[in-house]
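Okay, here's what each chain looks like letter by letter:
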Amino acid sequence: MKRLIALVLLFALALAQGLEAFWKAVEVPGGVCADGSPYRFYVSPGDPRKVVVDFQGGGACWDQATCGPESRTYRKRVDVQELYLAQGIYNRMSVANPFFGWTHVFVPYCTGDLHVGRATVDYGGFKVHHQGARNAQAALEYVFRNHTNPERVFVTGCSAGAYGAVLWADKILATYKNAQIAVCGDAGFDAPEILDDGDPECAEVGTWIDGAASDGFNQGQRTHAAGTGTNTATWT
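Computed from a prediction, not measured in an experiment: that's the story for all the values here. (Residues numbered from 1 in each chain as written. Predicted model: local features only at pLDDT ≥ 70, side-chain atom pairs only at ≥ 80, totals over all residues. Heavy atoms only, no water.)

1. A word on the packing of aromatic side chains
Working step 1: Taken as a whole and judged by the stated rule, the model has 6 aromatic pairs.
Working step 2: The interplanar angle of 35° and the centroid separation of 6.3 Å between the aromatic rings of Y123 and F126 together place this pair among those described as tilted.
Working step 3: For Y123, a relative accessible area of 7% translates into the label buried.
Working step 4: Judged by relative accessible area, which is 19%, F126 ranks as buried.
Working step 5: By way of ring pairs, the aromatic residues F99, W102 and F154 are connected into one cluster. (Phe/Tyr/Trp six-rings, centres within 6.5 Å; stacked < 30°, edge-to-face > 60°. Buried < 20%, exposed > 50% of the residue type's maximum accessible area, 1.4 Å probe, protein only.)

The structure is reproduced here in structure tokens:
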């Protein structure tokens, strides 16, 4: 009970102070969420030589039933409740945070496509903007511009964010060849299995990635999963 009260008070304090006290919103020109609303990511400044790249989780959708307006299987617009709650690695004031003092880049997830989509799909009368790849790439380009030579980088995500962390890791590894980089995808299935376009049960996932990009994407994520570190994904 005491813990619940403390969480409520912390949440209320964060709301009163606003995210601006710890997190800067970065608008993405042309960035879009599933419902067409604008996309943005968040940065909490810290040591420029130590950077957390954090992909948010939050379900997925792939057909009329799962992508429908009333569906609760995915986020449809930017929702950053983790930052308001300020627990664990989001508690920017706690020395118990293992990334205390690091720069933290939070990549919201609102496209239902595991951070890899590049398509807008009509699901029988309503459209869903699966543009997670474009949004994630904008966030990474910001990181690369503003942190040209970091010493340590931690790439992470939970659930759907785990796929974002694993599948974008090659681009980060290729950019920061001299940095110490760790990748932690928490609570995600094996990426080659769930995204394999040869699996009939996953056929609908192909709608996220339009045209010729899909073959390059699948090859790229299989290469990374094999541990070669080769950046062959043409979808970036």
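Read on for the rest.
2. Section: the environment of A60
Working step 1: By the secondary structure assignment, A60 is in the loop between β3 (47-55) and α2 (64-67).
Working step 2: Residues A60 and Y74, 14 residues apart in the sequence, show an inter-C-alpha distance of 4.8 Å. (Helix = DSSP H or I, 4+ residues; strand = E, 2+ residues; numbered from the N terminus.)

3. Points about the pattern of salt bridges
Working step 1: Applying the stated criterion to the full structure yields 4 salt bridges.
Working step 2: Between R77 and D35 there is a salt bridge, and its shortest N-O distance comes to 2.9 Å. Placement of the pair is R77 in the loop between α2 and α3 (81-85) and D35 in the loop between β1 (24-32) and β2 (38-44), with a sequence separation of 42 residues.
Working step 3: Among the salt bridges present, the one from R75 reaches D79, with a minimum N-O distance of 3.4 Å.
Working step 4: On the accessibility criterion, R75 (15% relative accessible area) is buried.
Working step 5: Residues participating in the shared-partner salt-bridge network are R75, D79 and E82. (Salt bridge = Lys/Arg side-chain N within 4 Å of Asp/Glu carboxyl O.)

4. Topic: the pairing of β1
Working step 1: Here β1 runs beside β2; their pairing, made up of 5 bridges, is antiparallel. Within β2, the position partnered with V26 by the bridge is F41. (Pairing = 2+ DSSP bridges.)

5. Examining helix α5 (residues 160-167)
Working step 1: Counting buried residues in α5 gives 7 out of 8 residues, a clear majority hidden from the surface.
Working step 2: Residues of α5 that are buried: A160, G161, A162, Y163, G164, A165 and L167.

6. Overview of the nonpolar core
Working step 1: Y39, F41, Y42, F55, L83 and I172 are the most contacted members of the largest nonpolar core, which has 35 residues in total.
Working step 2: For this core, the secondary structure elements donating two or more residues are β1, β2, β3, β4 (102-107), α4 (132-146) and β7 (152-158).
Working step 3: Residue contributions to this core peak at 8 residues, all from α4.
Working step 4: Once you skip the residues sitting within four places of it in the chain, F55 turns out to touch V107, H115, A136, V155, T156, G157, C158, G161, G164, A165 and W168.
Working step 5: Judged by nonpolar contacts, the second largest core, of 9 residues, contains C61, Y74, F126 and V128. (Core = buried A, V, L, I, M, F, W, Y, C linked by side-chain atoms within 4.5 Å. Contact = heavy atoms within 4.5 Å.)

7. Here's the deal with the environment of A179
Working step 1: With respect to the element layout, A179 can be found in the loop between α6 (169-175) and β8 (180-186).
Working step 2: It is 7.5 Å that separates the C-alpha atoms of A179 and N149, two residues lying 30 residues apart in sequence.
Working step 3: Dropping the residues within four chain positions of it, A179 is found in contact with P150, E151 and V153.

8. Notes on the sheet that holds β8
Working step 1: On the basis of which strands lie adjacent, the open sheet formed by 6 strands has the order β1-β2-β4-β3-β7-β8 and mixed pairing. Of all strands in the sheet, those with a lone pairing partner are β1 and β8, marking the two edges. Strand-to-strand twist across the sheet, computed as the mean angle between neighbouring axes with direction ignored, equals 20°.
Working step 2: The sheet strands contacting α5 are β3, β7 and β8, and the helix crosses β7 at an angle near 145°. (Axes fitted to C-alpha atoms, helices over the stretch in contact; angles between N-to-C directions.)

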